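What follows is each chain in one-letter form.
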Amino acid sequence: MKATVATSVFAVFMALTLALGLLAVRARRGGRRERGLAEWSVGGRSLGTVFIWVLMAGESYTSFSYLGAAGWGYRFGAPVLYVIAYMSCGYALGYVVGPMLWAYARRHGLVGITDIVAHRYGRPWLGTAVALFATVCLLPYIQLQITGMGVVVSTISYGAISLNWAYFLGFALTTTFVVVSGLRGSAWVSVLKDVLVIATLGFLVVYVPLHYFDGYGAFLDRVVAEKPQWLTFPGHESGGLGQGWFISTTVVNSLTVVIFPTTVAGYLGARSADTLRRNAVYLPAYNVLLFVPVALGMAALFVVPGLTGTQSDLALFKLVTDSLPAWAVGVIGVAAALSSIVPMAVFMLVIGTMWGRSVFGARSGGGTGPETPVDGPAGQRQKRWSQLVVVAAGTLALLLTYFAPQTLVRLSLISYEGMAQLVPMLLLGLVWRRFTWQAAVAGAACGIAFVCTAVFGGHDPLWGVNAGLLALALNLAVALAVTRFGPRGRDARPDGEVLAVDDEFPRLTEPERGVTVGAADARS
């Protein structure tokens, strides 16, 4: 009976999710046929503050928040707070970076980081290379969300639905949803997800301490008395995740999150630069919610002790299924499942867009503009390619989940630290005219090689510091050396074509032969 009630609640909300995706598409079309790549991949660049806020909050609040954050709180304690720290710092950086990328992409008709890189350096093949590398970094997150949703569905069904069927259900729902609705549908469903997330976590943060400990005072007193290691660095048996690791991870992740392909998709979907600035101000408030699963994970230490390994990720749901009625378990399961569906949809959409635009639809010519537009017949062809890639990427992640789960788990170790090595290529290149593609590629190659060597060699953290930050330092050193001593590019395009030239953004540039200096430089 419990399984029937909980799964019925879940099924109703999943049907509502698919309906919202279809309604989002119909509401946008308004009787017109708007089927180009820009409409599907970046919502027609027309999302307002509320939709951008819930969409980007949805990317940060994933199944990790219900499972991983509670699991880390259960196993280690304090080190998990790095998630709150780096997201908040990343939002602050996004106040500047988001509008800059938005303005550059809008000016040139671009729809993602691969497009931006190809256009800035005039090398379509470089956009293709970035698409391939970014896919390797993003696939583990799709697998993570499939796994997370599968665990949630199997748990709230009280074991009636097996993990394998639950994995397939998560894949099928999300693939159908993203192919049909694109980024706009994800934004609409994010509203439903956020309402449920805020409501369920708000309930649990009050209910669990009162039900199991007679209030927060007794709960916190017990933690201090019996589990003091969970409250200080490096945490309980965390393997040395001390203050140096915490600070360096916060720095490198906050730099990475602003250029992460899914974040940039959110930027480019905005209606205006001011929408992104307001969003950057409001988003840190959402991070307060992340304290809840961490605290609940620590509460589970006393309620369901003895969880080890991946079982610790079920700490929060063990509390839920232990004491709540089936309908409440179903609602909480829906919130957790939507926290998988929304980010997984965006990850799949971004991979599809990168391949549809920069691999199968790679632009020809010297990169002086968007030779292949993102709307019209060409844009529709690119959209169809992108949708096919969405299905292929999701299928690959699902198959690896079944047959070789450790493959993607190992790749996930380098995903964030690897993506950090694209920061100079993307951001420094947009504000500094002399930064060449040779410098960008050399720096990124050295940084990625360092990350792979350190991580797979078991040397992360290295000297107590996140290996990704050390790799980024090497990346910058190599890139600057190549810029100083290597070949200088002879790009005849004016600054306004190559750089993020906007009076709001200072930039480093200098007159060169064949280069037109921007108006701001002339004034100075």
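All figures in this text were calculated on a predicted structure; none of them were measured in a lab. (Residues numbered from 1 in each chain as written. Predicted model: local features only at pLDDT ≥ 70, side-chain atom pairs only at ≥ 80, totals over all residues. Heavy atoms only, no water.)

### As for the pattern of salt bridges
Any two side chains of opposite charge can pair, so long as their charged atoms come close to each other.
Stage number 1. Here the structure, examined in full by the defined rule, presents six salt bridges.
Stage number 2. E226 is the salt-bridge partner of R222, the closest N and O atoms lying 3.2 Å from each other. Remark: E226 and R222 occur in helix α9 (residues 216-226); sequence separation between them is four residues, near one turn of the helix.
Stage number 3. With a relative accessible area of 33%, R222 lands in the partly exposed category.
Stage number 4. Judged by its relative accessible area of 46%, E226 falls in the partly exposed class. (Salt bridge = Lys/Arg side-chain N within 4 Å of Asp/Glu carboxyl O. Helix = DSSP H or I, 4+ residues; strand = E, 2+ residues; numbered from the N terminus. Buried < 20%, exposed > 50% of the residue type's maximum accessible area, 1.4 Å probe, protein only.)

### Regarding the nonpolar core
Stage number 1. Counting 147 residues, the largest nonpolar core has M14, Y66, I142, F317, M419, M425 and L427 as its most contacted members.
Stage number 2. Per element, the largest residue contribution to this core is 19 residues, and it comes from helix α15 (residues 326-359). (Core = buried A, V, L, I, M, F, W, Y, C linked by side-chain atoms within 4.5 Å.)

### Re the side chain of R493
Stage number 1. Secondary-structure assignment places R493 in the loop between α20 (467-485) and α21 (495-498).
Stage number 2. Within polar-contact distance, the side chain of R493 engages the side chain of D491 at 2.6 Å. (Polar contact = N/O pair within 3.5 Å; in protein donor to acceptor, adjacent residues only side chain to side chain.)

### Some points on the environment of G266
Stage number 1. Note on placement: G266 falls in helix α11 (residues 261-268).
Stage number 2. When the C-alpha positions of G266 and A187 are compared, they lie 9.4 Å apart, and in sequence the two are 79 residues distant.

### Focus on unusual backbone geometry
Stage number 1. The omega angle of the peptide bond from F233 to P234 is 5 degrees, so this bond is cis rather than trans.
Stage number 2. Mapped onto the fold, P234 is located in the loop between α9 and α10 (243-257).
Stage number 3. Across the junction of D460 and P461, the peptide omega takes the value 5 degrees, indicating a cis bond.
Stage number 4. If you trace the backbone, P461 turns up in the loop between α19 (437-456) and α20.

These values are about where atoms sit, not about what they do.
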